[in-house]
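# A look at the structure
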Amino acid sequence: MTKVLIATVKPFAKAAITKIKEVFDKAGYESILLEKYANQSDFVNAVGEVDAIIIRSDKATKEVMDSAKNLKIIVRAGAGYDNIDLQAATENNVVAMNTPGQNSNAVAELAIGMMIFNARNKFTGSAGTELKGKSIGIHAYGNVGRYVAIIAKGFGMRVYAFDPFISKDSIEADGVIALDSAEELYKTCQYISLHIPANEKTKGSINFELLSSMPKGATLVNTARKEVVHEVELIKLFAERDDFNYLSDIAPDCADELVSNYQSRCYFTPKKMGAQTSEANINAGIAAATQIVNFIEKGDTSFKLN
Ligand code: 3PG
């Protein structure tokens, strides 16, 4: 019997687990659930016999791949796959996939939600500001960026975007102003919503130069990955600009320092929660399960990453 491990430190909503299991039951597969595990070794120890794995931000390391002797496919139920060692997957003949777009609206809603929360002085009741009429720059116009643009337009914001991999025409077809460079985007927009992946090129790329060029009331919103922001330069910027705000769904390593010195200008969710809605879990979970069945039964390699 084909065995599938669902390994999630941060569990899916119960409704999503039910739907995922339905997909595997129909295919005649066994589902094994490993949730909220405390140590990476718990994950490694659970993979010995399984044919397929579904993960979220769980770390699919070389050790995981090497220990999973029967593994044929691993699917990251989500967009970012910086948590999968793709080389180790390939070396072990394991197909790695993600489920792009399935949790994007949830992440976009959180980005806008954090902006409102901060603009209204963290719901303390003191006079805040509105989003209407303000400029927002969407840094990387992928699935999440597009949803942020739609919502921001609904709020009456002026929406700009920069994405070197997407044509300006297709960005402008959405009524969004496409700019030619990150420099231009940061210089133009009071709000920046980050949607770039974390890779060797992007890590630390959101630096002092870019952030210090932002207009008055600059607010950086990060629902992407903490590694893309240069933390040493971030601290320098907070010290130099008393109008700069940083809101992130992934607390930076320097979170304690920022919160103790600049509490009114930063906010970090207690746990990464952008994609943590029932709808996003159901969408991404069903997509992951279906991709596994389609790969095992029909060799369908749509969404293959390696
Ligand atoms: C993603 O890359 O899809 C998001 O960052 C969500 O990650 P999560 O599944 O760990 O919540």
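The structure under discussion appears in the preceding block.
In this text, all values refer to a predicted model and were calculated from it rather than measured experimentally.

Another point: the site of the ligand. Every residue near the ligand is listed here: K10, R56, S57, R76, G78, A79, G80, N103, R225, K272 and A275. Between the ligand and S57 there is a distance of 2.4 Å, counted from an oxygen atom to a side-chain nitrogen or oxygen. Measuring from an oxygen atom of the ligand, one finds a backbone N or O atom of G80 at 2.8 Å. For the ligand, the protein covers 95% of the area, taking 310 Å² as the surface of the free molecule. Comparing atom positions with the cavity grids shows the ligand to sit within the largest pocket. Considered class by class, the residues forming the shell around the ligand number two nonpolar, four polar and five charged.

On to the sheet that holds strand β2 (residues 30–35). Pairing is parallel in the open sheet, where five strands are placed in the order β2-β1-β3-β4-β5. Both edges of this open sheet fall to β2 and β5 (95–98), since each of them pairs with a single strand only. Strand after strand, the sheet turns through a mean of 15° between neighbouring axes, direction not considered. Where strand β1 (residues 3–8) lies against β2, six bridges are found, and the strand directions are parallel. The residue bridging A7 from the neighbouring strand is L34, located in β2. Sheet strands in contact with helix α1 (residues 14–27) are β1, β2 and β3 (52–55), and its direction is about 150° off that of β2.

Right, let's talk about the nonpolar core for a bit. Formed by 33 residues in total, the largest nonpolar core has its most connected members in Y186, I206 and F244. Of all elements in the fold, only β7 (158–162), α8 (182–188), β9 (191–194), α9 (208–212), α10 (231–240), α11 (255–262) and β12 (266–268) reach the threshold of two or more residues within this core. Aside from chain neighbours lying at most four places away, what touches I206 is H139, Y186, L194, I196, L211, L220, V228, V229 and H230. Core analysis: the second largest hydrophobic core is formed by 26 residues, L110, M114, Y141 and A275 among them.

In terms of burial, strand β6 (residues 135–139) is a largely internal element, five of the five residues being buried. Residues of β6 alternate between two faces, with S135, G137 and H139 on one and I136 and I138 on the opposite face, all of them buried. Looking at chain direction, β6 and β7 are connected through five bridges and run parallel. Its bridge partner being in β7, S135 is matched across the sheet by R158.

Below, the discussion takes up the side chain of S248. Along the polypeptide, S248 turns up in strand β11 (residues 245–248). Judged by relative accessible area, S248 falls into the buried class, the value being 0%. In terms of polar contacts, S248 uses its side chain to reach the backbone carbonyl oxygen of N222, at 3.3 Å. Those residues in contact with S248 that sit more than four places away from it in its chain are M114, N222, Y267, F268 and T269.

Here seven strands make up an open sheet; going across it, the order is β8-β7-β6-β9-β10-β11-β12 and the pairing parallel. Every interior strand has two partners, whereas the edge strands, β8 (177–178) and β12, have only one. On top of the sheet, helix α5 (residues 104–119) reaches β6, β9, β10 (219–222), β11 and β12; it is set at about 140° to β11, its chief contact.

Let's shift gears to the packing of α10 against α11. α11 packs onto α10 with a crossing angle of 5° between their chain directions and a minimal axis gap of 11 Å. Between α10 and α11, the crossing angle belongs to the class labelled roughly parallel. Between α10, through L234, I235, F238 and A239, and α11, the contact on the second element is made entirely by E257, L258 and Y262. Residues belonging to the contact of α10 with α11 are distributed by class as follows: six nonpolar, no polar and one charged.

Rules of the game
Counting from 1, residues in each chain are numbered in the order their sequence is written. Confidence filtering applies because this is a predicted model: local features only for residues at pLDDT of at least 70, side-chain atom pairs given and counted only at 80 or more, and all residues used for totals across whole chains, interfaces and linings. Heavy atoms from the whole structure form the basis of all side-chain values; hydrogens and water molecules are not counted. Near, as used in this document, describes a residue that has one of its heavy atoms within 4 Å of the molecule or strand being considered. We define a polar contact as two N or O atoms separated by no more than 3.5 Å, with the added condition that, inside protein, one atom must be a possible hydrogen donor and the other a possible acceptor, whereas residues neighbouring each other in sequence contribute only through side-chain atom pairs. The Shrake-Rupley method, run with a 1.4 Å probe sphere, supplies the accessible areas, and residue values consider only the shown protein chains as cover. Here a cavity denotes grid points, spaced 1 Å and computed from the protein atoms alone, that fit a 1.4 Å probe unable to get out, and a pocket denotes an open set having protein on both sides within 12 Å along at least 5 of 7 lines; residues with an atom within 4 Å of a point are the lining. The rule for placing a molecule in a cavity or pocket is simple: more than half of its atoms must lie within 2 Å of the grid points. Amino acids are sorted into nonpolar (Ala, Val, Leu, Ile, Met, Phe, Trp, Tyr, Cys and Pro), charged (Asp, Glu, Lys and Arg) and polar (every other residue, Gly among them). Here a strand pair is declared whenever DSSP counts at least two bridges between the two strands. Helix and strand definitions follow DSSP, with helices as H or I runs of at least four residues and strands as E runs of at least two, each counted in order from the N terminus. Every axis corresponds to a line fitted to the C-alpha atoms, with the helix fit spanning only the stretch in contact, and the corresponding angles, defined between N-to-C directions, vary from 0 to 180 degrees. We call two residues in contact whenever any of their non-hydrogen atoms come within 4.5 Å of each other. Here, nonpolar core refers to any group of buried Ala, Val, Leu, Ile, Met, Phe, Trp, Tyr and Cys residues whose side-chain atoms link them within 4.5 Å. For every residue, the accessible area (1.4 Å probe, protein chains only) is compared with the maximum for its type, and the residue is labelled buried under 20%, exposed over 50%, or partly exposed between those bounds. Note on terminology: angles under 35 degrees are roughly parallel, angles over 145 are roughly antiparallel, angles of 65 to 115 are roughly perpendicular, and the others are oblique.

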